Amino acid sequence: MKKDLFINRHIGPTEEDVQKMLKTVGASSLEELMNEIIPQNIQLEKPVFEDEPFTEAEMYAHMEELGAKNKCFKNYIGQGYYETVTPAPIIRNVLEDPTWYTSYTPYQAEISQGRLEALLNFQTMLMDLTAMPLANCSLLDESSAAHEAIYMMYSARTAKMKKAGVNKIFVDECVFPQTLDLIKTRATALDFDLRIGDYKTAELDESFFGAVVQYPNANGTVVDYREFSKSLEEKGIKLTVIADVMSLVLLTPPGEWGADIVCGSTQRFGIPLGYGGPHAGFITCKEEYKRTIPGRIIGVTKNAEGKKALRMALQTREQHIKRERATSNICTAQALLATMASFYVVYHGKEGLKRIATNIHSNAYATAKALGAMGLEVHAEDVFDTIRINLTRAEQIKVKEEALAQKINFNYPFEGVITISFGENTNTKQVEKLVAVFARALGKSAPEIEVDEEVNLPKSLLRSSDFLTAEVFNKYRSETGFMRYIKQLERKDLGLNTAMIPLGSCTMKLNSATSMFPLSWSEFNSIHPFAPDEQTKGYEEMIAELKDMLCKITGFAGISIQPNSGATGEHTGLLVIRQYHNDRGQAERKKVLIPRSAHGTNPASAVVVGYEPVIVKSDENGNIDVEDLKVQAEKHKDNLAAAMITYPSTHGVYEHRIREIIDIVHEHGGQVYMDGANMNAQCNLTNPGFIGADVCHLNLHKTFAIPHGGGGPGVGPIGVAKHLVPFLPNHVMKNVGGEKGIGAVAAAPYGSASVNTITYAYLKMLGGEGLTYATQVAILSANYIAKKLEENNMKVLYKGNNGRVAHELIFDCNEFNKEAGITDSDIAKRLMDYGFHAPTLSFPVHGTLMIEPTESEPLSELDRFIEALVCIKKEIEEVNNGDYPADDNVLKNAPHTQTMLLADEWTHAYTRTKAAYPVDYLRENKFWPATSRVDDGYGDRNLMCSCVGLENYEE
């Protein structure tokens, strides 16, 4: 029986289209084309992943079966993860809306104003809640945000401190264990002198550069840190506070008692538990850190008409762009989750958050009061949401058995100790059920529950300052109004549901609806990351099978899915290499060879693990200069740790000397780290393990179909060769790594576990043949565009030995600038008028556009994109010929908005029709940019990262 296979939905070109494309590029078959492109010595004899595909209906049923193996208990575990309620309009209109989840990081501001506004709201609410003047628009999770804050404090040392070699960092012992675990992992690599202890008795002097505390702390206590903060300031020691954002609705914010940096997670703002993620971490800080804060900052600027517009501010300070001068390697963050959290705050407003926070607090106190009345020893003094019960070991066991029988999870941090942390969706009946567990287990009578809707904390700890005063947080209370606000923002953004997003090195492929469904199912999104193994059988089965599939595809012996971004994958891979060398008594190996063409995260990742990048030249064809590699490897043979190589290269070419390159590194004692950014050109045709690499990170949000979400979530698992398996990352809360493994690299044992359901479904539905075909069509599509551009006298910059490109190509725009003064940026902006997101600008070569079509784009869309570039080339020729002024033409003034075109007065040298409808199909289906060209310089010179006071930007 023939099946309706997913491959027919995932692949854009039909079989007939593929034949047309092959004819255009001059190949008789896909196999012949692959043989011309991929070096013979690295081609697999046969595919390594050969599973039979599931249909979409079969996949849906299979995910239901897996979900049924997870047990959805009532969770009071806490420890940084809490039950919350995602408002239905956010699920329906954001999480499940492809405009929000398929869009890219908003580098092209004119077609990203919607999510830029949502992220600006995110920053504003965090600045308000923490009482700090600057915020970024998300980080990966709370634990990694804490490390980033430590590195910020380290980078802020005075010249005197640097000269004195000050490198001690103090972390209070009452920080969540997973955060302590991650900080230990990263501090060791950077040779920080980490001191963990009780802040009350710690003796900190001028040898310390910073201190970290949790607020409320891991025991649940709301500590008054004012005196501690004051003493640190007197000694010139910076203070980072890891804060619970929901608690800050009621508590005095850290910015009002001396914090330099505040970090944490926004999971409590409507983001499901998801077995650990993804959740949006954050940092807020004093303005003096604006050049070193990691991640992205959304800022306000003006457009060409002098009106308010939004953009990513201070982009040159983004850490991965600073390369070997970086203090962080953050690239992808958690934009989709930050967007959802911001909408949660818009939905509830200040009064709604006060109600939720007060309910959480009141339930904790009501429970403590009831358990105390039963004669139990309860710690509930100065707490927000967490109480602590001290029992005998035998009593603890009885309570745990009864709780599990009632499908309730408590936290059992130590022998004889139970902690109970309350979330948003606990009511009085559930409190009664909770108390009854203790009564039955200990043979006591349960008292009547009284939930007093008051805040039972000293006035000195309570918040007195106002917050969330901006109009957006006080305007949308009805679902109708809220729904329309979301739609208003959504209409400003271009996602894959609008057009092709041909970003090179980003692999913007289909994110199928079937693979996305389980994200909304409670069987997957309500599981706590520290839930007992008996409750997570479905997840464990899925993760084990996913790791097995990825091992086959990569040719590696082991996989860790803990890294929750590509940058974290890079970081983790290098930490594993570092641990391997240290285990062999070769800790002096700290040099990393990195090609000049590498993505900026490569040198940044090397720096943040304590390694020293050594840049290797590129030859005239854009390949690694093998002779220079030999020289550098020989020069550093005694302390060579690794080489970082992207394959195919960032120039979109399969370098034919790749095996030789790898052998050179191995012969000089180094390990080979392969950047998996371009894995979409390898799957089932070759693989890192077969080529000879030792480590490779994968971007599941590229090659394996997790959506980009406007700048995250991303997932960056690493695969390793057999000799590195013992060093894979572990986790303090669950044994998930090797026997000699490094510590945690993410807050949760499996990182952003819930979105791994997407990659799992993607691979199960493609199967072996489908995965091979997807890789082949991705490569064919890139070569088709390259051929068509060349037929129209447009220059493709780099090619392999047989005149072919890999899965992406570099379109050289430099001649246009020389001849007509038209830049690659002008072309990018004009593409918006044609309804497209621009390719990648000026990377890896200045003045170019890097194009990656993926396998998911239909031939009709490829042709539409090619037509747009051909038309733009003619427009450039018109400028060059003097038909239009160099400073007043459709390219220099692009993009053109409806407001511009409907103005009463039109003073440009070209017609409105030429501006708006350069090709006929746009008359039927036109995407309108939301703003005219933004003024980047103005926004950087007048940094404003809050939605408060936006009226000052209106004329």
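Since this is a predicted model, take the numbers as computed values, not measurements.

### What about the overall build of the protein?
Counting its regular elements, the protein contains 31 helices and 24 strands. In terms of overall size, the protein behaves like a compact globule, its C-alpha atoms giving a radius of gyration of 28 Å where 955 residues would be expected to give roughly 30 Å. Projected onto its principal axes, the C-alpha positions of the protein cover 85 × 70 × 70 Å. Looking at the 955 residues of the protein, the share that counts as buried comes to 65%. Long-range contacts, defined as pairs at least 24 residues apart, comprise 77% of the intrachain contacts of the protein with a sequence gap of at least 6. As displayed, the protein offers around 33000 Å² of accessible surface, 46% of which is attributable to carbon and sulfur atoms. Looking at charge distribution, the protein has the averaged site of its 97 positive side-chain charges lying 2 Å from that of its 123 negative ones.

### Regarding the UniProt feature "modified residue: N6-(pyridoxal phosphate)lysine" (unreviewed entry) in the protein
Listed under "modified residue: N6-(pyridoxal phosphate)lysine" (unreviewed entry) in the UniProt record, and renumbered for this structure, are K702. Position of K702 among the secondary structure elements: in the loop between β20 (695-698) and β21 (718-720). With a relative accessible area of 12%, K702 lands in the buried category. Sequence-distant contacts of K702, that is, excluding residues within four places in its chain, are made with S505, C506, T507, K509, A677 and H708. A polar atom in the side chain of K702 sits 2.7 Å from the backbone oxygen of S505.

### Looking at the side chain of K829
By the secondary structure assignment, K829 is in helix α27 (residues 824-833). With sequence-adjacent residues up to four places away left out, K829 is seen in contact with Q108, E110, A894, P895 and R933.

### With respect to the domain arrangement of the protein
In terms of domains, the protein is made up of domain 1 (7-57 + 522-766), domain 2 (106-346) and domain 3 (348-461). Its C-alpha centre places domain 1 at a distance of 45 Å from the equivalent point of domain 3.

### Comments concerning helix α4 (residues 56-68)
If you check α4, its first and last C-alpha atoms are 18 Å apart, about what 13 residues at 1.5 Å a residue would give, namely 18 Å. The set of residues buried in α4 consists of M59, H62, M63, L66 and G67. The buried side chains of α4 occupy one side of the element, clustering within an arc of 140 degrees when seen end-on. Opposite the packed face of α4, turned more than 90 degrees from it, sit the exposed residues A57, E65 and A68. In the core, the buried residues of α4 are packed alongside α17 (513-516), α18 (522-525), α19 (537-554) and α25 (756-791).

### A look at the nonpolar core
What tends to happen in soluble globular proteins is that the nonpolar side chains get buried as a cluster. Ranked by size, the top nonpolar core spans 240 residues in total, and within it F410, I420 and F438 carry the most contacts. Of the residues forming this core, the biggest block, 20 residues, is contributed by helix α12 (residues 335-373). If sequence neighbours within four positions are ignored, I420 has contacts with Y76, L371, D385, T386, I387, I389, F410, L434 and F438. Judged by nonpolar contacts, the second largest core, of 34 residues, contains L134, A145, L190 and I293.

Criteria and cut-off values
Residues numbered from 1 in each chain as written. Predicted model: local features only at pLDDT ≥ 70, side-chain atom pairs only at ≥ 80, totals over all residues. Heavy atoms only, no water. Helix = DSSP H or I, 4+ residues; strand = E, 2+ residues; numbered from the N terminus. Rg over C-alpha atoms; globule rule 2.2 N^0.38 Å. Buried < 20%, exposed > 50% of the residue type's maximum accessible area, 1.4 Å probe, protein only. Contact = heavy atoms within 4.5 Å. Areas by Shrake-Rupley, 256 points an atom, 1.4 Å probe, with all protein chains shown as cover. Lys, Arg positive; Asp, Glu negative; His and termini not counted. Charge placed at Lys NZ, Arg CZ, Asp CG, Glu CD. UniProt positions renumbered as here; feature names shortened; annotations may be inferred. Polar contact = N/O pair within 3.5 Å; in protein donor to acceptor, adjacent residues only side chain to side chain. Domains from an automatic or database assignment. Expected span 1.5 Å × (residues − 1). Arc of directions from axis to C-beta. Core = buried A, V, L, I, M, F, W, Y, C linked by side-chain atoms within 4.5 Å.

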